[in-house]
Amino acid sequence: GQQVMQIPQYQHVQEGEDFTTYCNSSTTLSNIQWYKQRPGGHPVFLIQLVKSGEVKKQKRLTFQFGEAKKNSSLHITATQTTDVGTYFCAGYSSNTGKLIFGQGTTLQVKP
Amino acid sequence: GAGVSQTPSNKVTEKGKYVELRCDPISGHTALYWYRQSLGQGPEFLIYFQGTGAADDSGLPNDRFFAVRPEGSVSTLKIQRTERGDSAVYLCASSLAGPYGQFFGPGTRLTVL
């Protein structure tokens, strides 16, 4: 079945440093979604990428969707302590209508 | 407006018991999803409803798990003969029909002793 892998599993950075998490799917995706889960919280939708090669920005966050629509990345510039949490990518298949989540990357930011 | 709500927030039960977990989605959202999340893992898909019907239940681990959405709004996840391995946070999410972002509820933490 479809699998979505994320690396790294954990990342510790000093406040102000950049952070990137990578996501790879075993199959071509209709779109990819990114979620953030704070400690003790539930996943919160951040963004959706649909087009091959698409790049979207939200303030210090930059999201990319690969040309083959099988991989994606999230880059945070100049991390802040408020960025702490687990970032999940989730691949959507229009054939099945369901999301398959990666295992997430947990970001810790040292002030 | 109100977000997705789930009740109870915590449920402790004994092995072998039956439990029901409830999800109240955002009004107007026709798609409803159930996930299970264990510590350090991403949400694991269980079942997806479009309206009243289960469009995909391929994630349900076995026949002890069953979910309904009789009127196309509130959904109930039912687990029979609970086992310790069923302990996890059960998340519900809703969305508009199609490839849209999902809105998650706060989850129900199920502990099977």
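Read on for an overview of the structure. As the structure is a prediction and not an experimental result, all values here were calculated from the model.

Describing the overall build of chain A
Summing up its helical and strand segments, chain A has zero helices and 11 strands in all. Counting helices and strands in the order they occur from the N terminus, chain A gives β-β-β-β-β-β-β-β-β-β-β. Radius of gyration (C-alpha) of chain A: 13 Å, near the 13 Å computed for a compact globule of 111 residues. By its C-alpha atoms, chain A is 45 × 25 × 20 Å across when sized along the principal axes. Counting only residues that meet the buried cut, chain A has 50% of its 111 residues in that class. In the structure as shown, chain A presents an accessible area of about 5400 Å², 50% of it carried by carbon and sulfur atoms.

A few points about the interface of chain B and chain A
Of the residues lining the interface, 20 residues belong to chain B; the matching set on chain A comes to 17 residues. At the boundary of chain B with chain A, total buried surface from both sides reaches about 1400 Å², with 55% on carbon and sulfur atoms. Interface area lost by chain B to chain A is led by Pro43(B), Pro99(B) and Phe104(B), which between them contribute 30%. Counting across the interface, chain B meets chain A through one salt bridge. The shortest N-O distance in the salt bridge between Asp56(B) and Lys98(A) comes to 3.5 Å.

Observations regarding the state of the cysteines
All names here are of chain B. Evaluation of the coordinates by the stated rule reveals two disulfides over all chains. Note on cysteine connectivity: Cys-23 is disulfide-linked to Cys-92, with sulfurs 1.8 Å apart. An S-S torsion of about -65 degrees defines the bridge between Cys-23 and Cys-92 as left-handed. Here Cys-23 is found in strand β3 (residues 19-24), whereas its partner Cys-92 is found in strand β9 (residues 88-95), with 69 residues between them in sequence. Neither residue differs from the other here; Cys-23 and Cys-92 are each classed as buried.

Things to note about the nonpolar core
The biggest cluster of nonpolar side chains holds 21 residues, and the ones touching the most others in it are Ile32(A), Trp34(A) and Phe63(A). What Phe63(A) contacts, discounting residues up to four positions off in sequence, is Trp34(A), Leu46(A), Ile47(A), Leu49(A), Glu54(A), Val55(A), Lys56(A), Gln58(A), Ser73(A) and Leu74(A). One finds Cys23(B), Leu46(B), Leu60(B) and Phe65(B) within the second-largest nonpolar core, a separate group that totals 20 residues.

Notes on the side chain of Asp86(B)
All names here are of chain B. Checked against the element boundaries, Asp-86 lands in the loop between β8 (75-79) and β9. Take Asp-86: its relative accessible area is 3%, and that puts it in the buried class. Setting aside residues up to four positions removed in sequence, Asp-86 forms contacts with Arg-36, Arg-64, Phe-65, Ile-79, Leu-110 and Val-112.

Observations regarding the side chain of Ser94(B)
Residues and elements named next belong to chain B. Mapped onto the fold, Ser-94 is located in strand β9. Looking at Ser-94, its side chain comes within polar contact range of the main-chain nitrogen of Ile-26, at 3.4 Å. Residues contacting Ser-94, with those up to four places away along its chain left out, are Val-4, Pro-25, Ile-26, His-29, Ala-31, Leu-32, Gly-101, Gln-102 and Phe-103.

What counts and how
- Residues numbered from 1 in each chain as written.
- Chains lettered and ligands numbered in written order.
- Predicted model: local features only at pLDDT ≥ 70, side-chain atom pairs only at ≥ 80, totals over all residues.
- Heavy atoms only, no water.
- Helix = DSSP H or I, 4+ residues; strand = E, 2+ residues; numbered from the N terminus.
- Rg over C-alpha atoms; globule rule 2.2 N^0.38 Å.
- Buried < 20%, exposed > 50% of the residue type's maximum accessible area, 1.4 Å probe, protein only.
- Areas by Shrake-Rupley, 256 points an atom, 1.4 Å probe, with all protein chains shown as cover.
- Contact = heavy atoms within 4.5 Å.
- Buried area = accessible area lost by both parts, 1.4 Å probe.
- Salt bridge = Lys/Arg side-chain N within 4 Å of Asp/Glu carboxyl O.
- Disulfide = S-S within 2.5 Å.
- Core = buried A, V, L, I, M, F, W, Y, C linked by side-chain atoms within 4.5 Å.
- Polar contact = N/O pair within 3.5 Å; in protein donor to acceptor, adjacent residues only side chain to side chain.

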